[in-house]
Amino acid sequence: MSMIPADAPAPVAGPGARLPETPPRWHRSSWRERPARQQPVWPDPARACDIARSVSMLPPPVAPEAVVSLRRDLARAAAGQAVVFQAGDCAERFASCGEDAVAGKLRTLLQSAMMLALGTGLPVVKIGRIAGQFGKPRSADTEVVDGVELPVYRGDIVNGPDPVPEARRPDPERMLHAYGHTRAALRTLGGCEAGGADPGEFAWVLEEGPLYTSHEALLLDYEEALTHLDPATDRWFDTSAHMVWVGERTRALDGAHIEFVSGIANPVGVKLGPGATAEEVAELCARLDPERTPGRLVLVPRMGAQRVREALPPLVRAVRDAGHPVVWVCDPMHGNTIRSGSGYKTRRFADIAAEVEGFFAVHRAEGTHPGGVHLEMTGEDVTECLGGIRELGDDHLAERYETACDPRLNGAQAVELVFAIADLLRG
Ligand code: PEP
Ligand code: MN
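Here we summarise the structure given alongside this text. From a predicted model like this one, the values you see are computed outputs, not experimental measurements. (Residues numbered from 1 in each chain as written. Chains lettered and ligands numbered in written order. Predicted model: local features only at pLDDT ≥ 70, side-chain atom pairs only at ≥ 80, totals over all residues.)

## Focus on the overall build of the chain
When helices and strands are counted, the chain shows twelve helices and 14 strands. Taking 22 Å as the expected radius of gyration for a compact globule of 427 residues, we find that the chain reaches 20 Å, a close match to that expectation. Seen through its C-alpha atoms, the chain measures out along the principal axes to roughly 60 × 50 × 45 Å. Split into buried and exposed, the 427 residues of the chain put 51% on the buried side. Taking all contacts inside the chain whose residues are at least 6 apart in sequence as the whole, residues at least 24 apart take part in 78%. (Helix = DSSP H or I, 4+ residues; strand = E, 2+ residues; numbered from the N terminus. Rg over C-alpha atoms; globule rule 2.2 N^0.38 Å. Buried ≥ 20, exposed ≤ 12 C-beta atoms within 10 Å, placed from the backbone. Contact = placed C-beta atoms within 7 Å.)

## Looking at the environment of L288
Inspection of the secondary structure puts L288 in helix α9 (residues 278-288). Spatially, the C-alpha atom of L288 lies 22 Å from that of H363, the residues being 75 residues apart in sequence.

## Structural notes on the site of ligand 1
Lining the immediate surroundings of ligand 1 are C90, P137, G247, E248, R249, K271, R302, H334 and D406. Of the residues belonging to the shell around ligand 1, the class tally is two nonpolar, two polar and five charged. (Near = placed C-beta within 6 Å. Nonpolar A, V, L, I, M, F, W, Y, C, P; charged D, E, K, R; others polar.)

## Brief notes about the pairing of strand β2 (residues 124-129)
Of all six residues in β2, six are buried, a share of seventy percent or more. Judged by which residues are buried, β2 turns out to be covered on both faces: V124, K126 and G128 on one side and V125, I127 and R129 on the other are all buried. With six bridges connecting them, strand β1 (residues 83-88) and β2 associate as parallel partners. Bridge assignment links G88 to a residue of β2, and that residue is R129. With helix α3 (residues 99-120) bridging β1 and the parallel β2, this β-α-β connection has right-handed handedness. By the bridge criterion, four bridges tie β2 to strand β5 (residues 211-216) in an arrangement that is parallel. What sits directly across from K126, in β5, is L211. (Pairing = 2+ DSSP bridges. Right-handed = clockwise from strand over helix to strand, strands pointing away.)

## Thoughts on the pairing of strand β7 (residues 235-238)
In this structure, strand β6 (residues 227-230) lies alongside β7, joined through four bridges in antiparallel fashion. Bridge assignment links L229 to a residue of β7, and that residue is W236. Between β6 and the antiparallel strand that follows it, β7, lie four residues; D234 among them carries a positive phi value of about 60 degrees.

## Here's the deal with the packing of α3 against helix α12 (residues 411-426)
Orientation of α3 relative to α12, taken along the N-to-C sense of each, is 25 degrees, at an axis distance of 8 Å. The orientation of α3 with respect to α12, classified from their angle, is roughly parallel. Between α3 and α12 lies a crossing whose hand is right-handed. Here T108, S112, M115, L116, G119 and T120 of α3 lie close against α12, whose contacting residues are G411, A414, V418, F419, I421, A422, L425 and R426. (Axes fitted to C-alpha atoms, helices over the stretch in contact; angles between N-to-C directions. Parallel < 35°, antiparallel > 145°, perpendicular 65-115°, else oblique. Left-handed = near helix turned anticlockwise from the far one by under 90°.)

## Focus on α3
Helical geometry: 3.6 residues make up each α-helical turn, so side chains three or four residues apart lie on a common side. Spanning 22 residues, α3 covers 31 Å between terminal C-alpha atoms, matching the ideal 32 Å at 1.5 Å per step. Of the residues making up α3, those classed as buried are V102, K105, L106, T108, L109, L110, Q111, S112, A113, L116 and A117. For α3, the elements touching its buried residues are β1, β2, α5 (173-189), α6 (203-207), β5 and α12. Looking one or two residues past α3, G121 carries a phi angle of roughly 75 degrees, positive in sign. (Expected span 1.5 Å × (residues − 1).)

## A few points about the sheet that holds strand β9 (residues 268-272)
Taken in spatial order, the eight strands close into a barrel running β1-β2-β5-β8-β9-β10-β11-β14, and their pairing is parallel. Each adjacent strand pair in this sheet contributes to an overall mean axis angle of 25 degrees, direction not counted. Looking at chain direction, strand β11 (residues 327-330) and strand β14 (residues 370-376) are connected through three bridges and run parallel. Looking across to β14, one finds that V329 is bridged to G372.

## Considerations on unusual backbone geometry
For R25, which is not glycine, the phi torsion reads 70 degrees and is therefore positive. Tracing the chain through its elements places R25 in the segment before α1 (45-56). The exposure class of R25 is exposed, given the 8 C-beta atoms found within 10 Å. Although it is not a glycine, A131 adopts a positive phi angle of roughly 60 degrees. Following the sequence through the fold, A131 ends up in the loop between β2 and β3 (142-145).

Rendered as structure tokens:
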């Protein structure tokens, strides 16, 4: 069974199928004329350039037809006829791209999507933070470990997490490894020439649509290398994933990341923190969705439970009044990160649930569609987030704290949250 139809039929007319023009003067390398935040300093830039060129000559991981199919599904979500479920690890590790690990993640995602579908009666657009979520933005360039200042870990596509100088040195070869691991994960997901995990009892959720892939378009050398002109549509597709997003730290209007995604035909997400202004968001929409095409733009507020009810309404109104048919997707994780008493980076389940509630309340009040959710979660029984039905406490965090970056909901916490979300969507 193929979950990502590489051989899907050519796009037909309908919302989401129309692809806007490529902006004049845009090229896949035009981002290089703008300030690019959160990029590694490669020790040997010429070598990084050679490796990026090698990546650009490899076959595209994802087919433009499947990207257009996601646009069509997202256009339905923008109109309130479908719900988006985007979830996965904060940071994927190369070592977790093996068949068993990816098949396990697939089952977890499909199980949650199935509960959402059963709970709401709506088709669920399933998007994994999977098969390419290898680059991480960080709040500082260096950190001090045991008195030694080291470059921070920027994700497996850049360097390694071990707190020693050799591991932390940015290594451009990792771009080739990222490509290989993306291909391996896609193969397990069913997108490539053979194989494909058996989705078992969840097969029916795939009949409504495949599991699409997504990641933060952070490392622009790599995203550029996988961006190709599709002769069938005469548009540029970032073939590293079906959907990519720009993070809260890199969404500057005049920055390299917004320039890059402005010209690709993929659906594009933008994270919005509590500091985002209505003017800024209106300008982002004008830049990224000038033709007001449903299925193009996904706005992902991550405000924090305390802020969402006051910070989100002005943004929702600005976008609605400007007529952009965006999908609003709630990320209740990144505005609720705290440091626990024992020193772990964690999140409280109650805060996560409260942000989701606030998000739905705002949309209900404004008459707009709450399009879905974006979660960091795993099916494993990890102990990374506090609370939930089993009341995980600070003293439990050390038991199984396994994330390479941000704390994820564990299997039980994810089920509990998805039930609450289904209730809100019905409500
Ligand atoms: C993330 O999604 O892991 C992330 C870093 O998010 P944000 O850009 O919203 O902080
Ligand atoms: Mn994260």
